[in-house]
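A closer look at the structure
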Amino acid sequence: MVRTSGVFGPGGLNTARGNFVELMLRLARSGNPIRVVEDHVASPTFAPLLAARTIDLVEREQSGVFHVGGGTPTSWFQFARLIFQAAQVEPMLLATNEREYRTPARRPRYSALSNAKMERAGLEPLPPLAQVLVSYFEERKRKTG
């Protein structure tokens, strides 16, 4: 079984809801300030890498629970900052916190995952998030023209 956190990928281009990257880009186009929580931490995970590591685990006949997450724990605010850097846009990005930015769904403050077991099984660590976002935007450009 594979557990993950904060999945995003090119499939989000084809859905009405999208993903966090697409949400941030939509908000940036609005011209309004963007408020993102800095006190919630996750492991944003690029879907194609999640799929590849899952296939690797199956091919190696691994069993048990494996975390396949985006490596270094990152706040949603920092993730948004990396998205805007990779997209080369500069909206007004404001840090907020759980207390100021309430959502209907209660979310864990820390949902980052350790890939240590996956790496002990001989699988490569996932690349840094900034590098993964470059791949995301390359794929996005191919799909959107």
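Higher on the page you've got the structure.
The rules behind each value
Residues numbered from 1 in each chain as written. Predicted model: local features only at pLDDT ≥ 70, side-chain atom pairs only at ≥ 80, totals over all residues. Heavy atoms only, no water. Helix = DSSP H or I, 4+ residues; strand = E, 2+ residues; numbered from the N terminus. Expected span 1.5 Å × (residues − 1). Buried < 20%, exposed > 50% of the residue type's maximum accessible area, 1.4 Å probe, protein only. 1 Å grid on protein atoms, 1.4 Å probe; cavity = no way out; pocket = protein on both sides within 12 Å on 5 of 7 lines; lining within 4 Å. Points joined across faces, edges and corners; volume = space filled by probe spheres on them. Nonpolar A, V, L, I, M, F, W, Y, C, P; charged D, E, K, R; others polar. Phe/Tyr/Trp six-rings, centres within 6.5 Å; stacked < 30°, edge-to-face > 60°. Lys NZ or Arg CZ within 6 Å of the ring centre and 35° of its normal.

An ideal rise of 1.5 Å per residue puts 16 Å on 12 residues; helix H3 (residues 76–87) measures up with 16 Å between its terminal C-alpha atoms. For H3, the set of buried residues is Trp76, Phe77, Phe79, Ala80, Leu82, Ile83 and Phe84. A positive backbone phi angle near 55 degrees is found at Gln88, which sits one or two residues after H3.

As a further point, take empty space enclosed by the protein. For the structure shown, the criterion picks out one cavity of 30 Å³ or more. Quantified by volume, the largest cavity comes out at close to 40 Å³. In terms of lining, the largest cavity is formed by Phe8, Pro44, Thr45, Phe46, Leu49, Gly70, Leu126, Pro127, Pro128, Leu129 and Val132. Within the residue set of the lining of the largest cavity, elements represented by two or more residues are strand S5 (45–46) and helix H5 (129–144). The class makeup of the residues in the lining of the largest cavity is nine nonpolar, two polar and no charged.

Peptide bonds are trans in most cases, and residues, glycine excluded, mostly fall at negative phi. Unlike most non-glycine residues, Glu61 shows phi in positive territory, near 55 degrees. Secondary-structure assignment places Glu61 in the loop between helix H2 (47–59) and strand S6 (66–67). Positive phi outside glycine occurs at Gln88, with the angle close to 55 degrees. By secondary structure assignment, the location of Gln88 is in the loop between H3 and strand S8 (93–96).

Any two aromatic rings considered together are summarised by their centre-to-centre distance and by the angle between their planes. Summed over the entire model, instances satisfying the criterion amount to eight aromatic pairs. Through a chain of ring-to-ring contacts, the aromatic side chains of Phe8, Phe20, Phe46, Trp76, Phe79, Tyr136 and Phe137 assemble into a single cluster. Between Lys117 and the ring centre of Phe66, over which it is positioned, the NZ or CZ distance is 4.6 Å.

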